[in-house]
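# Inside the fold
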Amino acid sequence: MAVLIDGKVISTKIKEELKQEVTEMKAQGITPCLAVILVGDDSASAIYVRNKKRACEYVGIESRSYELPEDTTQEELEKLVTSLNEDENVDGILVQLPLPGQIDEEKITTMISPKKDVDGFLADSIGALCLGTEGFRSCTPAGVIELIRRSGYSIEGKECVVVGRSNHVGKPMALLLLQENGTVTIAHSRTKNLGEITRRADILVAAVGKAKIIKACDVKEGAIVIDVGMNRDENGKLCGDVDFEQVKEKAEAITPVPGGVGPMTIAMLMNNCVEAARKKRRE
Ligand SMILES: Nc1nc2c(c(=O)[nH]1)N[C@@H](CN(C=O)c1ccc(C(=O)N[C@@H](CCC(=O)O)C(=O)O)cc1)CN2
Ligand SMILES: [Mg+2]
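Residues numbered from 1 in each chain as written. Chains lettered and ligands numbered in written order. Predicted model: local features only at pLDDT ≥ 70, side-chain atom pairs only at ≥ 80, totals over all residues.

The protein chain is annotated in an unreviewed UniProt entry as Bifunctional protein FolD from Sellimonas intestinalis. In its Subunit (unreviewed entry) section, UniProt records this for the protein chain: "Homodimer." Regarding the protein chain, the relevant UniProt record gives this comment under Function (unreviewed entry): "Catalyzes the oxidation of 5,10-methylenetetrahydrofolate to 5,10-methenyltetrahydrofolate and then the hydrolysis of 5,10-methenyltetrahydrofolate to 10-formyltetrahydrofolate." (UniProt positions renumbered as here; feature names shortened; annotations may be inferred.)

What follows is about the overall build of the protein chain. Looking only at helices and strands, the protein chain has 10 helices and 11 strands in total. Taken against the 2.2 N^0.38 rule, which gives 19 Å for 283 residues, the C-alpha radius of gyration of the protein chain at 19 Å falls within 12% of a compact globule. Its C-alpha atoms give the protein chain principal-axis dimensions of roughly 50 × 40 × 35 Å. Across the 283 residues that make up the protein chain, the buried fraction comes to 43%. Counting contacts in the protein chain only where the partners sit at least 6 residues apart, residues at least 24 apart contribute 69% of the total. (Helix = DSSP H or I, 4+ residues; strand = E, 2+ residues; numbered from the N terminus. Rg over C-alpha atoms; globule rule 2.2 N^0.38 Å. Buried ≥ 20, exposed ≤ 12 C-beta atoms within 10 Å, placed from the backbone. Contact = placed C-beta atoms within 7 Å.)

Ordered in space as S1-S11-S8-S7-S5-S6, the 6 strands form an open sheet in which the pairing is parallel. This sheet does not close on itself; its edge strands, each paired only once, are strand S1 (3-4) and strand S6 (183-187). In this structure, strand S5 (residues 159-163) lies alongside strand S7 (residues 203-206), joined through 4 bridges in parallel fashion. Paired with Val-161 across the bridge in S7 is Leu-204. (Pairing = 2+ DSSP bridges.)

Right, let's get into the pairing of strand S4 (residues 92-95). Residues Gly-92 and Leu-94 line one face of S4 and the alternating positions Ile-93 and Val-95 line the opposite face, and both faces are buried. Pairing of strand S2 (residues 33-39) with S4, which is carried by 4 bridges, proceeds in the parallel orientation. Looking at the pairing, Leu-34 lines up with Gly-92 of S4.

Time to look at the UniProt feature "domain: Tetrahydrofolate dehydrogenase/cyclohydrolase catalytic" (unreviewed entry) in the protein chain. According to UniProt, the "domain: Tetrahydrofolate dehydrogenase/cyclohydrolase catalytic" (unreviewed entry) feature falls on residues 5-119. For residues 5-119, the helix share is 50%, the strand share is 16%, and the end-to-end C-alpha distance is 23 Å.

Another aspect to go through is the confidence of the model for the protein chain. Residue-level pLDDT values for the protein chain average 97, and 100% of them are 70 or greater. For the protein chain, per-element mean pLDDT is lowest for helix H10 (residues 261-282), which scores 95, and highest for S7, which scores 99. For this predicted complex, the interface score ipTM comes out at 0.96, alongside a pTM of 0.97. (pLDDT = per-residue confidence, 0-100.)

The full set close to ligand 1 counts 17 residues, and Tyr-48, Leu-97, Pro-258, Gly-262 and Thr-265 are the nearest of them. Counting only elements with at least two residues in the shell around ligand 1, the list comes to S4, helix H6 (139-150) and H10. If you tally residues by element for the shell around ligand 1, the top one is H10, at 4 residues. Tallied by class, residues from the shell around ligand 1 come to 11 nonpolar, 5 polar and 1 charged. Looking at which domains feed residues into the shell around ligand 1, each of domain 1 (30-113) and domain 2 (139-262) supplies at least three. (Near = placed C-beta within 6 Å. Nonpolar A, V, L, I, M, F, W, Y, C, P; charged D, E, K, R; others polar. Domains from an automatic or database assignment.)

Turning next to the packing of H6 against helix H7 (residues 170-179). Look at H6 against H7: their axes get within 8 Å of each other, and the N-to-C directions meet at 40°. Here H6 runs over H7; the crossing is right-handed. Each of Pro-141, Ala-142, Val-144 and Ile-145 in H6 lies in contact with H7, whose residues at this interface are Pro-172, Met-173 and Leu-176. Residue composition of the contact of H6 with H7, grouped by class: 7 nonpolar, no polar and no charged. (Axes fitted to C-alpha atoms, helices over the stretch in contact; angles between N-to-C directions. Left-handed = near helix turned anticlockwise from the far one by under 90°.)

When the parts come together, some accessible area is lost, and that loss is often what is quoted as the size of the interface. Looking at the protein chain, the domain boundaries give domain 1 (30-113) and domain 2 (139-262). The distance between the C-alpha centroids of domain 1 and domain 2 comes to 29 Å.

Reading across from one edge, S3-S2-S4 is the order of the 3 strands in this open sheet, with parallel pairing throughout. Only two strands of the sheet have a single neighbouring strand rather than two, namely strand S3 (62-68) and S4. Across the sheet, the mean angle separating the axes of adjacent strands is 15° when strand polarity is ignored. Here 7 bridges tie S2 to S3, and the two strands are oriented parallel to one another. Opposite Val-39, over in S3, you have Leu-68 as the bridge partner. Against the sheet, helix H2 (residues 43-59) contacts S2, S3 and S4, and its axis sits at roughly 170° relative to S2. Of the strands in this sheet, S2, S3 and S4 touch helix H3 (residues 74-86), which is tilted by about 175° from S2.

Okay, here's the thing in structure tokens:
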């Protein structure tokens, strides 16, 4: 039976560490500030934004909330992002995704100043990750690395397989594992003999977005299995990309859904906000 990697416990520990650091920053007159933009009525997005604002409050980060109506125009949103880019008191800008259909999501997210890209979505941030230079790391993949590291597992020299090649998770995930000296393979929807590839993995990261597609037969005995998926099963219950009940019998360690990678995304966002404020102080 696998060790359960508890994202709630680990994310709380990270937020506690950040809280201490922010207390010290505040004593020096610096309060990190995150601008949070939510457009429209998506109920899941509203919950994530509420959780991000709660996390800010816990850590001691000031959060400024911009909750705009569903029919917000491209021009209105661009104006807001421009003004937040120029606002010296704002360290990080978060535009909650997805945005309503009339908004060009790509254009909005690429407008954010690289200095305030606390989601780590910009080409500048991904490019910095690729080159190993300073920049914000995408929150979900950075959270996965912290889960592995803080659970006492090493990545160095390990066979790492990432299933999924999205810009926000799969690609930066592979780059981060490479930075940790993992031997990295990216598998995706066109990969032939997927099971053959995933069975090689000492560390398997599933980020496909398909409920329970990774079965016990796809996993090597003793693997560390990290599940980034958030799907609904046939009964409407939240589940990951990994068939947890099967795979837990075979893996060395596994993350649950919920309570695995999800809470880490928010903890790493807090980390990036504190980092943004720290960097500004160094300038
Ligand atoms: N600007 C961004 N937009 C979106 C991101 C993001 O990182 N930046 N990621 C997702 C949503 N998201 C954060 O915004 C997010 C999703 C899920 C969780 C989480 O903790 N999930 C829980 C389960 C929640 C539930 O019960 O429904 C878990 O896995 O335990 C945190 C953050 C898309 N948009
Ligand atoms: Mg759109």
